[in-house]
Amino acid sequence: MNEQDLKIFIVTHKKFNKPKYDGYYTLGVGDDQNNIVTDFHDNTGDNITSKNKSFCELTALYWIDKNVDCKTIGLVHYRRYFYHRYLSLFKYKLYSVAEINKILKKYKVILPVPSIQADKTWKCVYEHYSHFHYKKDLDATIEIIKEIYPQYYDSCMKVLKSKKISLCNMVITSKEILSEYCEFLFNILFRLEKQLDISNYDDYQVRIYGFLGELLINVFFEHHKEYKIKYLPVCTTTISPIKTYFMKFIGSIRRVIVK
């Protein structure tokens, strides 16, 4: 695979310092993009940019699927990236396109290292989501999966009963696999959107479809075990590398404890 066959899109809604890595492209999201300059915008072509307030970075994912012709595609955030954990003590070292291409010779998909969703308060992903969001919305999503994707139901329940999942809606994979996932994802979310009234949700809860997307990407790849996954750590650039290092270290201990 040539480096030019892989594009990694950095989703943003604000000005930020773009990492100086070849193959990374900025992608602005939302209707109001007059104050930022990006390589691409999700308000062109076939798009759902008007839904950004509730779909979050998924409007970018939709735009990429519908408008980008590239062999392999990645989605990261303006402040979250896949990075080399043990080479980033003083400065974050992100994965270059060449390094990602090397990984994808052995794996089909790159996802974030799963994050713990269980503790003494909530015992699984289902309880965690129900605690921080609206349980009825998650239950409605499960019913839609049972109705239109019954073959995914067991995988859905396995994910919801688990203790950790990949978050942030970040992914790097082939355009073919990405399109397969997007069809699954948006068929569910668009149907759910017709059922729910979120007009009274606050600014946090209105991001419902972005939150549910974090669950559904895990459901999709739990079902498709034929797609070998490489899990990479994710850094948040608004947090210092040293602090991130120790946070990840503690997180790795927690992952061993909750297994």
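Residues numbered from 1 in each chain as written. Predicted model: local features only at pLDDT ≥ 70, side-chain atom pairs only at ≥ 80, totals over all residues. Heavy atoms only, no water.

Caption draft 1: Representation of the overall build of the protein in the model. In terms of helices and strands, the protein carries 9 helices and 11 strands. A globule of 259 residues ought to have a C-alpha radius of gyration of about 18 Å, and the protein, at 18 Å, matches this closely. Projecting the C-alpha coordinates of the protein onto the three principal axes gives extents of approximately 45 × 45 × 35 Å. Counting all 259 residues of the protein, 53% fall into the buried class. (Helix = DSSP H or I, 4+ residues; strand = E, 2+ residues; numbered from the N terminus. Rg over C-alpha atoms; globule rule 2.2 N^0.38 Å. Buried < 20%, exposed > 50% of the residue type's maximum accessible area, 1.4 Å probe, protein only.)

Caption draft 2: Quick peek at the sheet that holds strand β4 (residues 72–77). Read from one edge to the other, the open sheet built from 7 strands follows the order β3-β2-β1-β4-β9-β6-β10, with strand pairing classed as mixed. Each edge of the sheet is formed by a strand with only one pairing partner; in this case those strands are β3 (40–41) and β10 (229–232). Taken together, the 2 bridges between strand β6 (residues 109–112) and strand β9 (residues 171–174) define a ladder with antiparallel strand orientation. Paired with Ile110 across the bridge in β9 is Ile172. Across the sheet, helix α7 (residues 175–195) touches β4 and β9, and the angle it forms with β9 is around 115°. (Pairing = 2+ DSSP bridges. Contact = heavy atoms within 4.5 Å. Axes fitted to C-alpha atoms, helices over the stretch in contact; angles between N-to-C directions.)

Caption draft 3: Molecular detail of the pattern of salt bridges. Considering all chains together, one arrives at 9 salt bridges under this definition. The salt bridge involving Asp139 is made with Lys135; its shortest N-O contact spans 2.9 Å. You can see Asp139 and its partner Lys135 sitting in helix α5 (residues 135–148), 4 residues apart, about one turn around the helix. Residue class for Asp139 comes out partly exposed when judged on its relative accessible area of 24%. Within the structure, one salt-bridge network assembled from shared partners comprises Lys158, Glu222 and Lys225. (Salt bridge = Lys/Arg side-chain N within 4 Å of Asp/Glu carboxyl O.)

Caption draft 4: Looking closely at helix α2 (residues 58–67). Most of α2 is tucked away: 8 of the 10 residues are buried. Those residues of α2 not exposed but buried are Leu58, Thr59, Ala60, Leu61, Tyr62, Trp63, Ile64 and Asp65.

Caption draft 5: Structural context of the environment of Glu222. Locating Glu222 in the fold gives a position in helix α8 (residues 208–223). C-alpha separation for the pair Glu222 and Pro112, spaced 110 residues apart in sequence, amounts to 14 Å. Contacts of Glu222, omitting those with residues within four sequence positions, involve Ser155, Lys158 and Val159.

Caption draft 6: The packing of aromatic side chains, seen in detail. Here the structure, examined in full by the defined rule, presents 25 aromatic pairs. Judged by centre distance (4.7 Å) and plane angle (45°), the ring pair of Tyr134 and Tyr201 falls under tilted. Linking Tyr134 in the loop between α4 (125–132) and α5 with Tyr201 in the loop between α7 and α8, this pair joins segments that are 67 residues apart in sequence. Overall, the relative accessible area of 33% leaves Tyr134 in the partly exposed class. Cluster of aromatic residues (ring-pair linked, three or more members): Tyr149, Tyr152, Tyr181, Phe184, Phe220, Phe221 and Tyr227. The side chain of Lys136 reaches across the aromatic face of Tyr134, ending 5.7 Å from its centre. (Phe/Tyr/Trp six-rings, centres within 6.5 Å; stacked < 30°, edge-to-face > 60°. Lys NZ or Arg CZ within 6 Å of the ring centre and 35° of its normal.)

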